[in-house]
Amino acid sequence: MIRLAVFAPIAAVALTVGLAGSAVAQQPAPAVKVAHKTVKVGDLDIFYREAGPKDAPAILLLHGFPTSSQMFRNLLPALGDKYRVIAPDYPGYGHSSMPSRDKFKYTFDNLADVIDQFTEKVELKKFALYVQDYGAPVGYRIAVKYPDRITAIVVQNGNAYEEGLDNEFWKPIKAYWKEPANKDKRNALRDALTYETTKWQYTHGVKNPELVSPDGAAHDQFLLDRKGNDEIQLDLFLSYGSNPPLYPKWQEYFRKHQPPVLIAWGKNDQIFPAAGAEPYKRDLKTLEFHLLDAGHFALETNGAEIAELMRNFLGKHVNKK
């Protein structure tokens, strides 16, 4: 389909036969351009990628761990013909500032506060959210604070229910939550910061790993390996423990405000498995639910499918507002 052409090489220009019987070349639609920008939020430089017209309905794309806005590198042009699509990097991630831990406290409250201010800087008045992994606790904090600004939510392996954390992956992290001063518990999580684990996040649960570009994992690991970034990530592993106590508040937001929600979830993810997707059905009336044959980073293998689901879903629930 033409709307998904950004995920594949552009085909040869189509030919149509004119009234006189001669072949006339049709010009392909102009490619969507993605801009790479930086804006000041306090003392921080926040990098972001943006595509689409400024007056179009907006979508804020919030990335997970251990990646950055680069996870949306293909989704941005796939949606930018009809939407203003913006993907920022959190502090300590991607190309945004990475202040030292004595100058910036790496917590989910602070990440959400920075992204909240970022939306003001880039003049996002109303917007849909795309949340994945860490993007969920960042995005849901903003949604609870400003429910009237959220036009819809797309959830791709983003948790808001206890069921989503009831698995083997989270056991050592939960042990750290219980004993935050225990250095052995903290150091036990360092394996999650290695290149092997980063590659595993990209390829586990994927039917054909050969379709997953190695560039994403390599890009993420290059930034993870910056001096001091390991301690930042361990701080955020600890801070993730602040999220489950907020789940009831997030669920109440779902029930009270009933945002239209699209679930496009990689069902083979061992970090946020499908068990975390099912409970959304309890609280939401306008819900489209899709479990995809994909892993943690479903956009790597199912990007065209997710883009199509989003276009259909947003066309029904956002474009008419």
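Residues numbered from 1 in each chain as written. Predicted model: local features only at pLDDT ≥ 70, side-chain atom pairs only at ≥ 80, totals over all residues. Heavy atoms only, no water.

The next point concerns the overall build of the protein chain. Helix and strand counts for the protein chain stand at 11 helices and 10 strands. Relative to the globule expectation of 20 Å for 321 residues, the C-alpha radius of gyration of the protein chain, 20 Å, shows essentially globular dimensions. Relative to its 321 residues, the protein chain shows a buried fraction of 53%. For the protein chain, the exposed area adds up to about 14,700 Å²; of that, 54% sits on carbon and sulfur atoms. (Helix = DSSP H or I, 4+ residues; strand = E, 2+ residues; numbered from the N terminus. Rg over C-alpha atoms; globule rule 2.2 N^0.38 Å. Buried < 20%, exposed > 50% of the residue type's maximum accessible area, 1.4 Å probe, protein only. Areas by Shrake-Rupley, 256 points an atom, 1.4 Å probe, with all protein chains shown as cover.)

The calculated volume of the second largest pocket comes to roughly 160 Å³. If you trace the second largest pocket, you find it lined by Glu168, Phe169, Pro172, Ile173, Ala188, Leu189, Arg190, Asp191, Ala192, Thr197 and Phe237. (1 Å grid on protein atoms, 1.4 Å probe; cavity = no way out; pocket = protein on both sides within 12 Å on 5 of 7 lines; lining within 4 Å. Points joined across faces, edges and corners; volume = space filled by probe spheres on them.)

On to the sheet that holds strand β8 (residues 150-155). Read across the open sheet, the 8 strands follow the order β3-β4-β6-β5-β7-β8-β9-β10; overall the sheet is mixed. Of all the strands in the sheet, the pair left with one neighbour each is β3 (34-41) and β10 (287-292). Shown here is a sheet whose adjacent strand axes are inclined to one another by a mean of 20°, direction ignored. With 3 bridges joining them, β8 and strand β9 (residues 261-266) adopt parallel strand pairing. (Pairing = 2+ DSSP bridges. Axes fitted to C-alpha atoms, helices over the stretch in contact; angles between N-to-C directions.)

For the protein chain, the mean per-residue pLDDT works out to 92, and 90% of the residues sit at or above 70. The low-confidence segment residues 1-25, where pLDDT is below 50, has 30 contacts with residues more than four positions distant or belonging to other chains. (pLDDT = per-residue confidence, 0-100. Contact = heavy atoms within 4.5 Å.)

Position of histidine 219 relative to the elements: it lies in helix α7 (residues 215-224). Each C-alpha atom, one on histidine 219 and one on lysine 103, is 26 Å from the other, the two residues being 116 residues apart in sequence. Among residues more than four places away in sequence, those in contact with histidine 219 are Ser68, Gln70 and His95.

Over the atoms a probe the size of a water molecule is rolled, and this reveals where empty space is left. Considering all chains together, one arrives at 3 cavities of 30 Å³ or more under this definition. Approximately 110 Å³ is the volume found for the largest cavity. If you go around the largest cavity, you meet 13 residues; those closest to its centre are Phe65, Tyr134, Phe169, Trp170 and Phe237. When the residues that make up the lining of the largest cavity are grouped by side-chain class, the tally is 10 nonpolar, 2 polar and 1 charged. Lining the second largest cavity are Pro66, Thr67, Ser68, Gly92, Tyr93, Gly94, Asp220, Leu223, Leu224, Arg226, Asn229 and Gln233. (Nonpolar A, V, L, I, M, F, W, Y, C, P; charged D, E, K, R; others polar.)

So, about the side chain of aspartate 269. Here aspartate 269 lies in the loop between β9 and α10 (280-283). Among buried Asp, Glu, Lys and Arg side chains, aspartate 269 stands out as unpaired, with lysine 267 the closest opposite charge at 14 Å. Of note is the side chain of aspartate 269, whose polar atom sits 2.8 Å from the backbone nitrogen of isoleucine 271. Among the polar contacts listed, one links the side chain of aspartate 269 to the backbone nitrogen of phenylalanine 272, at a separation of 3.3 Å. (Lys, Arg positive; Asp, Glu negative; His and termini not counted. Salt bridge = Lys/Arg side-chain N within 4 Å of Asp/Glu carboxyl O. Polar contact = N/O pair within 3.5 Å; in protein donor to acceptor, adjacent residues only side chain to side chain.)

Counting residues in hydrophobic clusters, the biggest one holds 63 residues, and the most contacted among them are Tyr140, Ile153 and Tyr280. Per-element accounting of this core gives the leading share, 6 residues, to helix α2 (residues 108-121). Once residues within four sequence positions are removed from consideration, tyrosine 280 is found in contact with Tyr140, Val155, Gly158, Asn159, Ala160, Tyr161, Phe254, Ile263, Trp265 and Leu287. Core analysis: the second largest hydrophobic core is formed by 29 residues, Met71, Ala264, Ala294 and Ala298 among them. (Core = buried A, V, L, I, M, F, W, Y, C linked by side-chain atoms within 4.5 Å.)

A few words on the side chain of asparagine 243. With respect to the secondary-structure elements, asparagine 243 resides in the loop between α8 (229-239) and α9 (247-257). Not counting residues within four places of it along the chain, the set of residues in contact with asparagine 243 comprises Phe108, Pro137, Arg141 and Trp250.

Evaluated as defined, the whole model comprises 23 aromatic pairs. Between the aromatic rings of tyrosine 140 and phenylalanine 254, the centroid separation amounts to 5.4 Å while the plane-to-plane angle is 85°, which identifies the pairing as edge-to-face. Taken together, the positions of tyrosine 140 in helix α3 (residues 135-145) and phenylalanine 254 in helix α9 put the pair 114 residues apart, joining distant regions of the chain. Measuring from centroid to centroid gives 5.5 Å for phenylalanine 169 and tryptophan 170, while their planes differ by 75°, and the two rings are edge-to-face. Look at tryptophan 170 and you get buried, because its relative accessible area is 4%. The structure contains a cluster of three or more aromatic residues connected by ring pairs, namely Phe65, Phe108, Tyr134, Phe169, Trp170, Trp177, Phe237, Tyr240 and Phe272. Taking NZ or CZ as reference, arginine 149 lies 3.6 Å from the ring centre of tyrosine 146, over its face. The residue whose ring lies beneath lysine 199 is tyrosine 195, and the NZ or CZ to ring-centre distance is 4.5 Å. (Phe/Tyr/Trp six-rings, centres within 6.5 Å; stacked < 30°, edge-to-face > 60°. Lys NZ or Arg CZ within 6 Å of the ring centre and 35° of its normal.)

So, about α9. What α9 keeps buried is the set Tyr247, Trp250, Gln251, Tyr253 and Phe254. Buried residues in α9, looked at end-on, bunch into an arc of 150°, giving them a common side. On its buried side, α9 packs onto α3, β8 and α10. (Arc of directions from axis to C-beta.)

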